[in-house]
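The residues making up each chain are set out below.
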Amino acid sequence: MSERESASPQHDPDARLGDLFENLPDPTQQLPTVDNNAPAPGSRRAAREAASATGQGAAPGGSSTESSEPATAPVRASADDVGAGVPSSTPVRDSADASDLGDTPTRALPKVLPASGESQPPLGGGLDDLFAPHEDEHSASRTPKKKRRTGCLVALIIVLVIVGGIAATGVWVMSTYGDKITEAMGWGEPKDWEDGLATGEALVTISEGDTGAPVSTKLFEAGVTKTDGVFYDYLVAEAPDLTFYPGVYKLQKKMTAAAAAEALQNPDNKMENTVSMSEGGTIVSSLPSMAESLGLPLADFEAAVKDPSAYGVDAQNLEGWLFPAVYTFDPEVTAVQVIQRMVDRTRQALTEAGVPDADAERVLTIASIIQREGRTDDFAKVSRVIQNRLDIDMKLQMDSTAQYGYGSLHEGVVSSSAEALADQNDWNTYVITGLPATPIASPSFAAIDAAMHPADGPWLYFVTINLATGETQFSETYEEHQAGIEKWQAWCRDNPDAGC
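How each quantity is defined
- Residues numbered from 1 in each chain as written.
- Predicted model: local features only at pLDDT ≥ 70, side-chain atom pairs only at ≥ 80, totals over all residues.
- Heavy atoms only, no water.
- UniProt positions renumbered as here; feature names shortened; annotations may be inferred.
- Patch = residues over 30% accessible without salt bridge, like charges linked within 9 Å, V, L, I, M, F, W, Y side chains within 5 Å.
- Areas by Shrake-Rupley, 256 points an atom, 1.4 Å probe, with all protein chains shown as cover.
- Salt bridge = Lys/Arg side-chain N within 4 Å of Asp/Glu carboxyl O.
- Helix = DSSP H or I, 4+ residues; strand = E, 2+ residues; numbered from the N terminus.
- Buried < 20%, exposed > 50% of the residue type's maximum accessible area, 1.4 Å probe, protein only.
- Contact = heavy atoms within 4.5 Å.
- Phe/Tyr/Trp six-rings, centres within 6.5 Å; stacked < 30°, edge-to-face > 60°.
- pLDDT = per-residue confidence, 0-100.
- Core = buried A, V, L, I, M, F, W, Y, C linked by side-chain atoms within 4.5 Å.
- Axes fitted to C-alpha atoms, helices over the stretch in contact; angles between N-to-C directions.
- Parallel < 35°, antiparallel > 145°, perpendicular 65-115°, else oblique.

As named in an unreviewed UniProt entry, the chain is Endolytic murein transglycosylase, taken from Microbacterium croceum. According to the UniProt record, the Subcellular location (unreviewed entry) comment for the chain reads "Cell membrane". Entered under Catalytic activity (unreviewed entry) in the UniProt record, the comment concerning the chain runs "a peptidoglycan chain = a peptidoglycan chain with N-acetyl-1,6-anhydromuramyl-[peptide] at the reducing end + a peptidoglycan chain with N-acetylglucosamine at the non-reducing end."

Printed below as a string of structure tokens:
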């Protein structure tokens, strides 16, 4: 029995471990395909080879670090060799000094040789050397990454341009066609009141010859419907053959268009012995409904208004002197009594506005133009335009006066015909300078007050640029006024059924 075989761990464990690890075969004899001539600097293997070269590599028990065992024997590698990527076809175990291992050997680490023809990593070095990218590979990968970054930047710019273009287009579409899109899609505020909101009382006067459009406006102005055109839209869609009968009707505020139409057809809602004079109405347009509501002959009313002096009015006729309001009379009332009461109510309004008796006709004339030309919020500014023009002897050029003189004031259109503008009469302010011969309609108290107290401003022109909302542009120069006219014309083109 040799010395190594007679040794027992119980007698000399340190010597036994030394023999075990120090007499491992040289890896160069087991893996001839791998270049072992360049061990990693600082590794234990490099140290052992350096010791062997100087004659200091003898293992305990007289064994050398080099082994004469066959090449087919199992290979055991040091821990540094494993870390440096030494391949093996058999399980290998980390080597260590006896002090590192203690009494428990390390666990085997499986290794697989690369396939035939594949390059093998160089032996030696630590883990950093194993995983660090090859210099040629690293430099070769730089250019594609830069190109990819440039391509991503270009793609991002293109996406931003496309998104920006879509956003800009959306803004333009909404600013140009927003109202129509909102209406078509059912967005925004509903045009009609909801069921169950009707409350209070509202008096609406239906005049002789009134059709859907003016009735729709009257319902809106009385607070019955939510918007100006909702009742007219309902008639077009649901009841195009509905007939309106003159009279004063007691309705409620905040009614749906359908409920308002039904109420106007109910005779119980028509008030007896009640008549109304509408704001901006004229004698010709109002007398027929008065006669029908009171059951009196129209001829009686026509005779009653023939002589203004019978009511103490020094004027050519009573136009503008029949105050717009709702009146209730006894069953035995006469036409003269009806007219007298209306004239008296006008005098009361003149007094409340501080109008001297001598200026009554003049103020009523200005107020009647204000009533026909503007909306209540703009009355004082319209009054200022009229006054500024009168101060410099500039023709008023008001369409309402031309239409009144030509007899087309109640045709339901805003613009005047060429014939009306050119007609030679005492009311056509496109022909004459100064005020028309008489008032052209019955003004409200708000219009009378505005005629007495015009707003401060340099305006000489105004034009309503949106007939649905009444939005009006006031201008100091003719160029500004022309721009306003273009806005009005554009609105009319977009709303061909608005009565432009």
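Having put the structure on the table, let's press on.
> Give me the lowdown on a nonpolar patch on the surface, citing residues and values where you can.
A contiguous nonpolar surface patch, about 490 Å² in accessible area, is contributed by Leu153, Leu156, Ile157, Leu160 and Val161. Locating Leu156 in the fold gives a position in helix 8 (residues 135-185). Take Leu156: its relative accessible area is 47%, and that puts it in the partly exposed class.

> Tell me what's going on with the UniProt feature "site: Important for catalytic activity" (unreviewed entry) in the chain, and back it up with residues and numbers.
Using the residue numbers shown here, the UniProt feature "site: Important for catalytic activity" (unreviewed entry) corresponds to Glu373. Within the element layout of this structure, Glu373 appears in helix 15 (residues 360-373). Looking at Glu373, the relative accessible area reads 19%, which means it is buried. The residues touching Glu373, leaving out its near neighbours within four places in the chain, are Val382, Met398, Asp399, Ser400, Phe462 and Thr464.

> Account for the environment of Lys395, with residues named and values stated.
Relative to the assigned elements, Lys395 resides in the loop between helix 16 (379-391) and helix 17 (399-406). Beyond its immediate sequence surroundings of up to four residues, Lys395 is in contact with Arg389, Thr429, Tyr430, Val431, Ile432 and Thr433.

> So what's going on with the packing of aromatic side chains? Which residues, and what values?
Tallied over the entire structure, the rule returns six aromatic pairs. Note on Phe231 and Phe244: the rings are 6.2 Å apart at their centroids and 50° apart in plane angle, and the pair reads as tilted. On the criterion of sequence distance, the pair formed by Phe231 in helix 10 (residues 230-238) and Phe244 in the loop between helix 10 and strand 4 (247-253) is long-range, its members being 13 residues apart. Judged by its relative accessible area of 0%, Phe231 is buried. Overall, Phe244 belongs to the buried group, its relative accessible area being 15%. A centroid spacing of 5.8 Å and a plane angle of 55° characterise the contact between Trp459 and Phe474, whose relative ring orientation is tilted.

> Got a sec to walk through the confidence of the model for the chain? Specific residues and values, please.
Looking at the chain as a whole, the pLDDT averages 78, with 66% of positions reaching at least 70. Contacts for the low-pLDDT stretch residues 1-11, under 50 throughout, to residues beyond four places or in other chains number six contacts. pLDDT under 50 marks residues 56-119. Its contacts with residues more than four places away, or in other chains, come to 109 contacts.

> Before we move on, could you go through the nonpolar core and cite the residues and values that matter?
The tendency in soluble globular proteins is for nonpolar side chains to be buried side by side. Of all hydrophobic cores here, the largest spans 54 residues; its most connected members are Phe301, Leu318, Val338, Ile339, Ile370, Ile386 and Ile448. At the level of elements, helix 12 (283-294), helix 13 (298-304), helix 14 (335-352), helix 15, helix 16 and helix 19 (445-452) are the ones that each hand at least two residues to this core. Grouped together as the second largest cluster of nonpolar side chains are 20 residues, Ala202, Val224, Leu251 and Ala257 included.

> Hey, could you go over the packing of helix 10 against helix 11 (residues 257-264) for me, with residue numbers and the actual values?
A pair of packed helices can be characterised by two numbers: the angle between their axes and the separation between those axes. Between helix 10 and helix 11, the shortest axis-to-axis distance is 9 Å and the interhelical angle comes to 75°. What the angle tells us is that helix 10 and helix 11 run roughly perpendicular. Contacts between helix 10 and helix 11 pair Val230, Phe231 and Tyr234 from the former with Ala257, Ala258, Ala260, Ala261 and Leu264 from the latter.

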